[in-house]
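What follows is the residue order along each chain.
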Amino acid sequence: MTSRREFIRISFLGAGALALGTGGCRIFGTDRLPGGITDPENGKGRIPTYCELCFWKCAGWVYKTPEGDIWKIVGNDDDQHCNGRLCPRGTGGTGMYYDGDRLKRPLIRTSQRGKQVFREAEWDEALAYIAVRMKKISSEYGPESMALFTHGSGSSNFINLFRAYGSANIAEPSYAQCRGPRDEAFIATFGEEVYSPEITDIRDTRCLVLIGSHIGENMHNSQVQEMSDAIDKGAVIITVDPRFSTAAGKSKYWLPIKPATDMALLLAWMHEIIYNDYYDRKYVEKYCLGFDQLKAHVRDFTPEWAHGITTIAPDIIRKTAREMANASPAVLVHPGRHVTWYGDDTQRSRAIAILNALLGSWGRRGGFYRPARYELPSPVLPAYPEPSRTWADLFPGKYPGAGLPVTNALIDGSIPENNPAYPIKGWIVNACNLMLTVPDQAKTIKAIQNLDLVVAVDTMPMEITGWADVVLPECTYLERYDVLRTNPHRKPAIALRMPAAEPMYDTRPGYRIARELALKLDLEPWFPFEKQEDLLDWQLKQAGLSLDELKKTGVKNFERENDDIYIGDDEEVEFPTDSGKIELYSSYYEQMGFDPLPKYTPHEEPPEGYYRLIYGRAPMHTFSRTSNNPNLTDLMDENSVWVNPKVAKEWGMVNDQYIRLKNQDDVVSEFPVKVRVTERIRWDSVYMVHGFGHAQKQMKRCFGKGASDTQLITRIMTDPVMGGTGMRGNFVTFITEKAGKEAES
Amino acid sequence: MRYAMAADTLKCVGCSDCVVACQAENKVPIGYCRDWIVEVTDGTYPVLEMEIRSERCNHCVNAPCVRCCPTGASRYIEGGIVVVVPDKCIGCGACIASCPYDARYPHPAGYVDKCTFCAHRIKKGMDPACVAVCPTKCLYFGDLHDPNSDVSQVLRKRKHKTLVPEAGTDPQLYFLI
Amino acid sequence: MKEEIIVSGRMNSMIDPTLHIWHWQIPLYLFLGGMAAGILCFAALYYLRGREKEYLTAVRVAPFLAPILLVIGLLALFADLRHRMYFWQLYANIRMQSPMSWGAWTLMVITPVSFIWSALHIRDIFPEWNWRYKWLFNLEVFFNRHKTALAWIMLIFGLILGIYTGILLSAFNARPLWNTSILGPLFLASGLSAGAATIIFLSKDPAERKQFAKIDLAIIGIELFLIIHMFMGYLASSQVQIEAARMFLGGEYTASFWIFVVILGLIIPALLEILELRKYHIPAVVSPLLVIFGSFMLRFIIVYAGQMSRYLY
Ligand SMILES: Nc1nc2c(c(=O)[nH]1)N[C@H]1C(S)=C(S)[C@@H](COP(=O)(O)OP(=O)(O)OC[C@H]3O[C@@H](n4cnc5c(=O)[nH]c(N)nc54)[C@H](O)[C@@H]3O)O[C@H]1N2
Ligand SMILES: Nc1nc2c(c(=O)[nH]1)N[C@H]1C(S)=C(S)[C@@H](COP(=O)(O)OP(=O)(O)OC[C@H]3O[C@@H](n4cnc5c(=O)[nH]c(N)nc54)[C@H](O)[C@@H]3O)O[C@H]1N2
Ligand code: SF4
Ligand code: SF4
Ligand code: SF4
Ligand code: SF4
Ligand code: SF4
Ligand SMILES: [Mo]
């Protein structure tokens, strides 16, 4: 293995320049009014934006103080994603702008007296550096040897660049590390995915079933709002989770399932619903295919059978099945979102899809609504060069059910020992922190060591930037225009993001970065507009709208063309599957060599003295991206490991004690983590909030705080259908001695 | 007029949005807060109950903080709201010591600060910032003397409690249970 | 298991995780105020009873300490304020319900009185003393003529000051430990005891020392009685008060309270004083110093521990 690159964290030359701008953490002056009330409500004007703290993209308003400082961000009342209320992360979005630890200038890796460090560079130099190497990779290996990892609303800029350059190796971690299995399963069943925001009609549901989805901690905004509305309307909530999640605390039924056994529960529910005639007979007969095979398939999957596997009492399984049936079709077995758990995730998601089909909830009020999207005209660009090879050609035959490029396949393709059909030689990583996002860090590092070029486009000195040759600092979403948001929803809508402030330091919007790189790569024809706003202006004009108008409203909602949000009575529906029907039995999967109907397969259990590592979200943080946000660290500055009191007693651990975790492959957490002794977790598992345990010193608030779940996820249960990385098959034990409270460097 | 707030402990998800929103709205310096979230879990796995409370100053009818303030900086304003007038406050801390809810904190500028029920907003007919932002809409605010206010209505409908009633402060922050 | 945690990371400095809004300044202020009150009360009392000649130290010498103690106390109070530029607001308002307010006003009265009292007796310390200005002579004459009225003011405001140092805390029923009506008399007694001890310490007259040793013994007896009652009161009260008492009955303040306050500050000096009264020879300074030390520790411990006791979480 050529160790071309050792892992060196960014160390800056020219520290003097750093003295500039310590934006974060400021104490605002206070204006006093008679009567002792301070009145901060003295801002002038408001600027429309949509939030980039997560991928729900809520539209909001940025308010500024008379001095011109960004003051607060408030939801846009007209927006369906947020209904005028941002979530805590969105409200704390100002912290992203004020964070003094932000990336400030382009950086280029240098070698200096045997030590590899970064130096600050001019944009022109940094972009030229990248262009030269991209041209070289293209001529030596072909443009497909460049891969793009990207996430978030800035993706389109770099996707356009890559397509023009000649590569379609463009992967988002939101596929193989997140929703991929679910989307493939729903496409296989209904011919359609569930989109983002999900088309779940929680607002009007009478029975909401959450399989692990921890809404309330998973703060996807309008879902949380609608769950609350549903509670108000008396909906029954059934939560299946080995942990007493916040949602479980609000549920009529909490099923404290043994982890990794959900499939058995789902099959037993199908059994109950079919054999008690609970299913929506008319709907199934009219729209579904393969009912008889399904019926035969689930004949033996009784509640008693499932009890032995899941530890859920048979009568609870029966009762909850009846609750669903009573609410049908206004019942929603939530498809979840982060579903890459145990490697059979596409099949588990299929089971969820099938269950919904049996209950007749797809396309029905209180189930899944039919989305509508505003189609914005796009400029006619020259045709992209047709890539001769795609990600799927790297390892032919692997992941045949993957509809989108798989991040981990591109990573595998960067490692020569894996014998990919062609090599991946360069990465651009935009707005995803691969080191904490993709499990098996050792593999990612190995891949990086074999590359000729790594570029990171980010706002923060995250771990991934420490591995890059060139770091390009993007300004935050509060300082830029971006693409118009047109995600499908109940009503078609568009939302505008425009800068509330000039880019701080020497940072630039992604559009400008991509375009100037395109110019250096002689790809100007694909970037006909000099600025993002010119493109938006053009698009809106074509649609008969205007940018100036949208600046005043931020959001524009349109009426649906037809009154078709739900399937009408007796409506003939052609589903976009091969058969035009809802496919309970998937011939498509059968053809690919996968189970046409989902099956339960047992998963490995933790050995003696080990506990299953499960993880999730804290409502006030998004993954690893907010861990240094001053406003949000104020709420939570480290994660803890949740341990059942029985386990804590056995190990002699007490609340707030710092320990380290060691996994089945002897990987020890780099930083100590606090113990939280709580009844909220099962005795066979421990729980952690994802996104902490940062090893990047430049992020002063979060460095060394808490433990990284990703570091401990070294065993991956890969989904054979679509390549998802199942991450919940890892087991940890405790190191209680000399955990060391202080983070070490 | 008697302003009051009710927080639904059953719908609240403990997201702390009300806390960040208050900090932003009222320019509460980083490291301080006027409201906070308490999560109570009771029972033994898997028989558990959870109560989540969004807490802040109770704008007590019988407020010890107002009583013990030597300068009159802590005072009632219209609607029974308890506020601190920064320019009258000497920062003696007596009010902080006197509050059974620990609802006050010394602002780094020297005076004592606390929740104002966002008096500057309600004057304009807006809801307090925390109420306006809450994603679960589990905070209710209004005038108890107006039977149609949000808070009057919800208190009529739902069972509720206050915290530490035995301290005799007659708190006006109600928790729906 | 019941778990009750703040999940929004509340960390208001000086409030979380426990209140520590008051540091050394406030207990020092309370101690000095209490001691000064004790001294001034005894001075006034013996003057009014016409015993000025017999109790020279009590009436004339010890009071010289009072203005010094009061000024230091006031400076400590001032040092504790966080919005100092607005200090004057204390004297722009009279808030009868606020102990802090009437404490401030009491000091406003008694501090000048203590200065005047000292000035009237300045020749006891500096026999050669001469006022530089004529009007000061006139003032001295004026106050000497009204010395009885002055003594009454001193006695009344001295008592108010002494009680105030105790009531200040017990007015805060938000802190279960302070929420007891015994704290007022206890602090008053402790202040009087410290005052008596000061007189014993300064006095060279065996008769005067004997008299004040008797007084001190009586006060110590009262203090012990009050302390026992205080704890019985806590234990018979609500859960939060039982928990407050536990800090002293096995909790973190157990050793410091029982050793420094009760044994060293009350029982040992009491024993020493009994022995002394029975004509055993005991170094004269030990017992008064212990009493003063105990009185000082009592304030510190009660102020600090009180801030740890709370209703919630
Ligand atoms: N605040 C916040 N909200 C977010 C995000 C964020 O970063 N922060 N990220 C967003 C994104 S992109 C996504 S994908 C979603 C993810 O949100 P979800 O889809 O809700 O996430 P999951 O990882 O499926 O759910 C985690 C829950 O699964 C439970 N669990 C663990 N193992 C098992 C098991 O074997 N069976 C069952 N039934 N449950 C199990 C855990 O106890 C935990 O409660 O969150 C979104 N919302
Ligand atoms: N162990 C573990 N791994 C997981 C998960 C888990 O729960 N546990 N969750 C999985 C899921 S569901 C998902 S969706 C993925 C998410 O994975 P990612 O999308 O990689 O999420 P983050 O970790 O938030 O990384 C986002 C990066 O974008 C940067 N960034 C933020 N805003 C901007 C911007 O405006 N411009 C640019 N250029 N950069 C920006 C941030 O600084 C950060 O480096 O992670 C997956 N991986
Ligand atoms: S859910 Fe929250 S973080 Fe995500 S876009 Fe909406 S406000 Fe922003
Ligand atoms: S914003 Fe609402 S749901 Fe969130 S913690 Fe506050 S009160 Fe609870
Ligand atoms: S809660 Fe505390 S600060 Fe608020 S009015 Fe009551 S006593 Fe005063
Ligand atoms: S700190 Fe200020 S508001 Fe509080 S009691 Fe003292 S003067 Fe009054
Ligand atoms: S009412 Fe206003 S000041 Fe009080 S907690 Fe809510 S947002 Fe903060
Ligand atoms: Mo995700």
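These numbers were taken from a predicted model, which means no experiment stands behind them.

Participant: Help me understand the overall build of chain C, please; the structure alone is not making it clear to me.
Facilitator: Scanning chain C from terminus to terminus reveals twelve helices and one strand. The order of helices and strands in chain C, counted from the N terminus, is β-α-α-α-α-α-α-α-α-α-α-α-α. Here chain C has a C-alpha radius of gyration of 21 Å; the compact-globule value for 313 residues is 20 Å, and the two agree. Counting only C-alpha atoms and orienting by the principal axes, one finds that chain C spans roughly 75 × 55 × 25 Å. Taking all contacts inside chain C whose residues are at least 6 apart in sequence as the whole, residues at least 24 apart take part in 76%. Counting 24 positive and 17 negative side-chain charges, chain C places the centres of these two groups 6 Å from one another.

Participant: Is there a simple way to explain the site of ligand 6 in this structure?
Facilitator: Around ligand 6, a shell composed of 14 residues is seen, among which Cys69(B), Ser74(B), Cys89(B), Cys92(B) and Cys95(B) lie nearest. Residues of the shell around ligand 6, tallied by class, amount to ten nonpolar, four polar and no charged.

Participant: Would you mind going over the site of ligand 5 with me for this structure?
Facilitator: With respect to spatial proximity, the complete set of residues near ligand 5 consists of Cys57(B), Asn58(B), His59(B), Cys60(B), Ala63(B), Pro64(B), Cys65(B), Val82(B), Cys99(B), Tyr101(B), Arg104(B) and Lys114(B). Taken together, the residues that form the shell around ligand 5 break down as eight nonpolar, two polar and two charged.

Participant: I would appreciate a short explanation of the interface of chain B and chain A in the present structure.
Facilitator: It is common to give the size of an interface as the accessible area that goes away when the parts come together. At the interface, 54 residues of chain B touch 57 residues of chain A. For the pair chain B and chain A, the summed buried surface comes to about 4,400 Å²; carbon and sulfur atoms form 59% of the total. Counting every contact that joins chain B to chain A gives five salt bridges. Two residues, Lys72(A) and Glu25(B), come together in a salt bridge whose shortest N-O distance is 2.6 Å. Of all the secondary structure elements, the ones that give two or more residues to the side of chain B that touches chain A are helix H1 (17–25), strand S2 (36–44), strand S3 (47–55), strand S5 (81–84), helix H4 (119–122) and helix H5 (129–133) of chain B. With seven residues, H1(B) is the single largest residue contributor to the side of chain B that touches chain A. Residues that form the side of chain B that touches chain A fall into these classes: 30 nonpolar, twelve polar and twelve charged.

Participant: How should the pattern of salt bridges be read in this particular structure?
Facilitator: Close approach of charged atoms lets side chains of opposite charge pair. Residues and elements named next belong to chain A. A full pass over the atoms with the stated rule returns 75 salt bridges over all chains. Salt-bridge contacts for Arg-515 lead to Glu-524; the nearest nitrogen and oxygen are separated by 3.5 Å. Bridged by salt links that share partners, the residues Arg-179, Arg-182, Asp-183, Glu-193, Glu-198 and Arg-337 form one connected network.

Participant: Is there a simple way to think about the interface of chain C and chain B in this case?
Facilitator: Taken together, the contacts link 41 residues of chain C with 50 residues of chain B. Buried surface at the junction of chain C and chain B, both sides included, amounts to about 3,900 Å², of which 54% is carbon and sulfur. For the pair chain C and chain B, the interface holds three salt bridges. Across the salt bridge formed by Arg175(C) and Asp102(B), the nearest N and O atoms sit 2.7 Å from each other. Where chain C meets chain B, there are 29 residue pairs in polar contact (both at pLDDT 80 or more). Going through the elements one at a time, strand S1 (3–6) and helix H4 (99–120) of chain C are the ones with two or more residues in the side of chain C that touches chain B. Among the elements that take part in the side of chain C that touches chain B, S1(C) stands out by supplying four residues, more than any other. Looking at the side of chain C that touches chain B residue by residue, the class counts come to 21 nonpolar, ten polar and ten charged. Two elements, S2(B) and S1(C), share four bridges in a ladder whose sense is antiparallel. By the bridge assignment for S1(C), Val40(B) is matched with Glu4(C).

Participant: I tried to follow unusual backbone geometry on my own but got confused; where do I start?
Facilitator: Note: most peptide bonds trans; most residues except glycine with negative phi. In the segment running from Ser196(A) into Pro197(A), the intervening peptide bond is cis, with an omega of -10 degrees. Among the structural elements, Pro197(A) can be located in the loop between helix H5 (173–190) and strand S8 (207–211). A cis amide bond links Asp16(C) to the next residue, Pro17(C), at an omega of -5 degrees. Positionally, Pro17(C) belongs in the loop between S1 and helix H1 (25–48). One non-glycine residue, Tyr313(C), adopts positive backbone phi at about 50 degrees. By the secondary structure assignment, Tyr313(C) is in the segment after helix H12 (286–308). The partly exposed category is assigned to Tyr313(C), whose relative accessible area is 32%.

Participant: Mind showing me how you'd approach the nonpolar core here?
Facilitator: Across soluble globular proteins, nonpolar side chains show a tendency to be buried alongside one another. Trp22(C), Phe212(C) and Phe248(C) are the most contacted members of the largest nonpolar core, which has 201 residues in total. If one sorts the elements of this core by residue count, H1(C) sits on top with 17 residues. Once residues within four sequence positions are removed from consideration, Phe212(C) is found in contact with Phe42(C), Tyr46(C), Tyr55(C), Ala58(C), Ala196(C), Ile199(C) and Ile200(C). Of all hydrophobic cores here, the second largest spans 79 residues; its members include Ile211(A), Phe291(A), Phe368(A) and Ile565(A).

Participant: Help me understand the packing of H5(A) against helix H13 (residues 345–359) of chain A in this model?
Facilitator: Packed helix pairs are specified by the crossing angle of their axes together with the interaxial distance, meaning the distance between the axes. Residues and elements named next belong to chain A. Where H5 contacts H13, the axes come no closer than 8 Å and their chain directions differ by 45 degrees. For the element pair H5 / H13, the angle class is oblique. The two elements H5 and H13 cross, and the hand of that crossing is right-handed. Residues Pro-181, Arg-182, Glu-184, Ala-185, Phe-186, Ala-188, Thr-189 and Phe-190 of H5 pack against Asp-345, Thr-346, Ser-349, Arg-350, Ile-352, Ala-353, Asn-356 and Ala-357 of H13. Here the residues of the contact of H5 with H13 sort into eight nonpolar, four polar and four charged.

Participant: Is there a simple way to think about the sheet that holds strand S9 (residues 236–240) of chain A in this case?
Facilitator: Hydrogen bonding along the main chain pairs the strands of a sheet, whether they run parallel or antiparallel. Residues and elements named next belong to chain A. The sheet built from four strands is open, its strands ordered S10-S9-S8-S12 with parallel pairing. Two strands in the sheet have a free side with no partner beyond their single neighbour: strand S10 (253–255) and strand S12 (331–333). For this sheet, the mean inter-axis angle between neighbouring strands, taken without regard to orientation, is 10 degrees. Alignment of S8 against S12, held across three bridges, turns out to be parallel. Paired with Leu-208 across the bridge in S12 is Leu-332. Strands in contact with H13 are S8 and S12; relative to S12, the strand with the most contacts, it is inclined by about 170 degrees.

Participant: Looking at this model, I keep getting lost on the side chain of Gln223(A). Mind explaining?
Facilitator: Residue and element names in this part refer to chain A. Structurally, Gln-223 is set in helix H6 (residues 221–232). Overall, Gln-223 belongs to the buried group, its relative accessible area being 4%. Once residues lying within four places of it in the same chain are set aside, the contact partners of Gln-223 are Trp-56, Glu-198, Thr-200, Ile-202, Ile-215 and His-334.

Participant: What should I look at first to understand the packing of helix H7 (residues 147–170) of chain C against helix H8 (residues 183–202) of chain C in this one?
Facilitator: Residues and elements named next belong to chain C. Interaxial distance between H7 and H8 falls to 7 Å at its minimum, and their mutual angle equals 135 degrees. Between H7 and H8, the angle is such that the two are oblique. H7 and H8 meet at a crossing whose hand is right-handed. Along the contact surface, H7 presents Leu-159, Gly-162, Ile-163, Thr-165, Gly-166, Ile-167, Leu-169 and Ser-170, while H8 presents Leu-183, Gly-184, Phe-187 and Leu-188.

Participant: Can you help me understand helix H4 (residues 155–165) of chain A in this one?
Facilitator: Because an α-helix packs 3.6 residues into every turn, residues spaced three or four apart end up facing the same way. Residue and element names in this part refer to chain A. Across the eleven residues that make up H4, a large majority, eight, are buried. Listing the buried residues of H4 in full gives Ser-155, Asn-157, Phe-158, Asn-160, Leu-161, Phe-162, Ala-164 and Tyr-165. Following H4 by one or two positions, Gly-166 adopts a phi angle in the positive range, close to 115 degrees.

Participant: Would you mind showing me how to read the pairing of strand S6 (residues 146–150) of chain A here?
Facilitator: For a regular strand, the rule is simple: side chains alternate between the two faces of the sheet. Residues and elements named next belong to chain A. Burial analysis of S6 places five of its five residues in the buried class, the great majority of the element. Here S6 shows a buried face lined by Met-146, Leu-148 and Thr-150 and a second buried face lined by Ala-147 and Phe-149. Where S6 meets strand S13 (residues 426–430), five bridges bridge the pair, whose relative direction is parallel. When the sheet's bridge partners are listed, Phe-149 is paired in S13 with Val-429. In terms of strand pairing, S6 meets strand S7 (residues 170–171) through two bridges, oriented parallel. Looking at S7, one finds that Leu-148 is bridged to Ile-170. Note that the unit made of S6, H4 and S7 has a crossover that is right-handed.

Basis of the calculations
- Here the residue numbers are simple positions, counted from 1 along each chain's written sequence.
- Lettering of chains starts at A and numbering of ligands starts at 1, both following the order in which they are written.
- The predicted origin of the model limits local features to residues at a pLDDT of at least 70 and limits the giving and counting of side-chain atom pairs to 80 or more, whereas totals for whole chains, interfaces and linings rest on all residues.
- The basis for every side-chain value is the complete set of heavy atoms in the structure, and neither hydrogens nor water enter the calculation.
- Only DSSP runs of H or I with at least four residues qualify as helices, and only runs of E with at least two residues qualify as strands; both kinds are numbered from the N terminus onward.
- Computation of the radius of gyration draws on C-alpha atoms, with the globule rule given as 2.2 Å multiplied by the number of residues to the power 0.38.
- Contacts between residues were defined by any pair of non-hydrogen atoms, one from each residue, lying within 4.5 Å.
- Residues counted as positive are Lys and Arg, residues counted as negative are Asp and Glu, and His and the chain ends are not counted.
- One atom stands in for each charge, and that atom is NZ of Lys, CZ of Arg, CG of Asp or CD of Glu.
- Here a residue is near a molecule or strand as soon as one of its heavy atoms is found within 4 Å of it.
- When residues are grouped by polarity, Ala, Val, Leu, Ile, Met, Phe, Trp, Tyr, Cys and Pro land in nonpolar, Asp, Glu, Lys and Arg in charged, and all others, Gly among them, in polar.
- Once two parts are joined, some of their accessible surface, as seen by a 1.4 Å probe, is lost; buried area is that loss totalled over both.
- Only one rule defines a salt bridge in this text: a Lys or Arg side-chain nitrogen within 4 Å of an Asp or Glu carboxyl oxygen.
- Pairing of N or O atoms within 3.5 Å defines a polar contact, subject to two protein rules: one partner must be a possible hydrogen donor and the other a possible acceptor, and residues neighboring in sequence count only if both atoms are side-chain atoms.
- At least two bridges found by DSSP between two strands are what make those strands a pair.
- Classification of residues uses two cut-offs on accessible area relative to the type maximum, computed with a 1.4 Å probe and protein chains only: under 20% is buried, over 50% is exposed, and between them is partly exposed.
- Grouping buried Ala, Val, Leu, Ile, Met, Phe, Trp, Tyr and Cys residues that are joined through side-chain atoms within 4.5 Å yields what is termed a nonpolar core.
- Note on method: axes are straight lines fitted to C-alpha atoms, helices fitted across the in-contact stretch only, with angles between N-to-C directions ranging 0 to 180 degrees.
- Should an angle lie under 35 degrees it is considered roughly parallel, over 145 roughly antiparallel, and from 65 to 115 roughly perpendicular; all remaining angles are considered oblique.
- Helix crossings fall into two classes, left-handed where the near helix is turned counterclockwise from the far one by less than a right angle and right-handed where it is turned clockwise.
- With strands facing away from the observer, any crossover in which the path from the first strand over the helix to the second runs clockwise is taken as right-handed.

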